[in-house]
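So you can see what is in the structure, the chains are spelled out below.
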Amino acid sequence: FNLFESQTPKIERRFDDLGGGMSLLITCLDEEPIGVQSGQLLWPAAPALSRHLITNWKTLRGGAEAAAVLEVGAGCGMVGIVAAKLGCRRAVMTDRDLGALELIQQNAVAAGVEEQCAVLPLSWHPLAKAKMVAHSAREEANGEDCSDTNADAGLAEHAAVLGLSESGGGFELVVAADVIYAVEVVSMLFGSVDALLKPATPVGEPGPAAQFLMCQS
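Residues numbered from 1 in each chain as written. Predicted model: local features only at pLDDT ≥ 70, side-chain atom pairs only at ≥ 80, totals over all residues. Heavy atoms only, no water.

Chemist: Outline the overall build of the chain, listing residues and values.
Modeler: Within the chain, the secondary structure is distributed over seven helices and seven strands. Moving toward the C terminus, one meets the helices and strands of the chain in the order β-β-α-α-β-α-β-α-β-α-α-β-α-β. Contacts spanning at least 24 positions in sequence make up 68% of the contacts within the chain whose residues lie at least 6 apart. Here the chain displays about 10700 Å² of accessible surface, and carbon together with sulfur accounts for 53% of that area. (Helix = DSSP H or I, 4+ residues; strand = E, 2+ residues; numbered from the N terminus. Contact = heavy atoms within 4.5 Å. Areas by Shrake-Rupley, 256 points an atom, 1.4 Å probe, with all protein chains shown as cover.)

In structure tokens form, the structure reads like this:
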């Protein structure tokens, strides 16, 4: 899935006021000739959520311990790149638009954090967690690796992303900015986040809960 061709006009937007002395140069689609919704545009929630991360990084799950951070519907990758610059061990940025993935990689290189970043395709699914649990159960029952998931590309994408979390057990911090563009995607988004977020710590056991931060303009 590639929503826009590479020749679509791009612009550079510079942010010198994100906070904490951080500045950032982001390449994105030029808004003027497009006139349509696209993740490759830089929507207002991305700078807003980026500033929130900078201001509250040490209190957010994943910040102080430099864990892996996941951005879903990353678009231009601004929020994930900010997390990388703040010092997370790995920023995993995902989108279903292949053009957006190329743009994210370009922006990560420009920010000098490409070594900390992983960029992967991910299409959301409302039953992602149930499907992954069922797949794992089949592997355990058969005593072998049932890794042939070509019949379910979405499952393969979720498994690849989950594998980049801490010990493959889920992400302690998941972020999303301006990703709700239709009512139909709400259950899909939450289904995928549920599958990729680290499970809640049992009552009585130490450890803070994982967090999902979403900002919508």
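Chemist: Can you explain the pairing of strand E2 (residues 24-29)? Please cite residues and give values.
Modeler: The buried fraction of E2 is high, at five of six residues. In this sheet, E2 lies alongside strand E1 (residues 10-15) in antiparallel orientation, the contact comprising six bridges. Paired with Lys10 across the two strands is Leu29, which belongs to E2. (Buried < 20%, exposed > 50% of the residue type's maximum accessible area, 1.4 Å probe, protein only. Pairing = 2+ DSSP bridges.)

Chemist: So what about the pairing of strand E4 (residues 90-95)? Which residues, and what values?
Modeler: Extensive coverage of E4 is indicated by the burial of five of its six residues. Where strand E3 (residues 68-71) lies against E4, four bridges are found, and the strand directions are parallel. The residue of E4 that forms the bridge with Glu71 is Met93. Traced from E3 through helix H3 (residues 78-86) to E4, the parallel crossover comes out right-handed. Bridge count between E4 and strand E5 (residues 117-121): five bridges; the pairing is parallel. Within E5, the residue paired with Thr94 across the bridge is Leu120. In this fold, the crossover linking E4 to E5 by way of helix H4 (residues 98-111) has right-handed handedness. (Right-handed = clockwise from strand over helix to strand, strands pointing away.)

Chemist: Just give me the short version of the sheet that holds strand E6 (residues 173-177), but keep the residues and values in it.
Modeler: Strand order across the open sheet formed by five strands is E5-E4-E3-E6-E7, with parallel pairing between neighbours. The open sheet has two free edges, formed respectively by E5 and strand E7 (211-215), since each of these has just one partner strand. The mean angle between the axes of side-by-side strands here comes to 20°, regardless of whether they run parallel or antiparallel. In this structure, E6 lies alongside E7, joined through five bridges in parallel fashion. What sits directly across from Leu173, in E7, is Gln211. On the sheet, helix H7 (residues 185-196) packs against E3, E6 and E7 and is oriented at approximately 150° with respect to E7. (Axes fitted to C-alpha atoms, helices over the stretch in contact; angles between N-to-C directions.)

Chemist: Could you give an account of the packing of aromatic side chains, naming the residues involved and the relevant values?
Modeler: Scanning the entire structure with this criterion turns up one aromatic pair. Seen in terms of ring centroids, Phe190 and Phe212 are 6.3 Å apart; in terms of plane orientation they differ by 85°. Their pairing is edge-to-face. Here Phe212 lies in strand E7 and Phe190 lies in helix H7, a separation of 22 residues in the sequence. Of the residues examined, Phe212 reaches a relative accessible area of 26% and is grouped as partly exposed. (Phe/Tyr/Trp six-rings, centres within 6.5 Å; stacked < 30°, edge-to-face > 60°.)

Chemist: Give me the lowdown on the packing of helix H2 (residues 45-56) against H3, citing residues and values where you can.
Modeler: Remark: H2 packs on H3, axes separated minimally by 9 Å, with the N-to-C direction vectors making an angle of 20°. Judged by the angle between their axes, H2 and H3 are roughly parallel. H2 and H3 meet at a crossing whose hand is right-handed. On the side of H2, the interface is formed by Ala46, Pro47, Leu49, Ser50, Leu53 and Ile54, while H3 contributes Met78, Val79, Val82, Ala83 and Leu86. Grouping the amino acids of the contact of H2 with H3 by side-chain chemistry returns ten nonpolar, one polar and no charged. (Parallel < 35°, antiparallel > 145°, perpendicular 65-115°, else oblique. Left-handed = near helix turned anticlockwise from the far one by under 90°. Nonpolar A, V, L, I, M, F, W, Y, C, P; charged D, E, K, R; others polar.)

It is worth stressing that arrangement in space is one thing and function is another; only the former is reported here.
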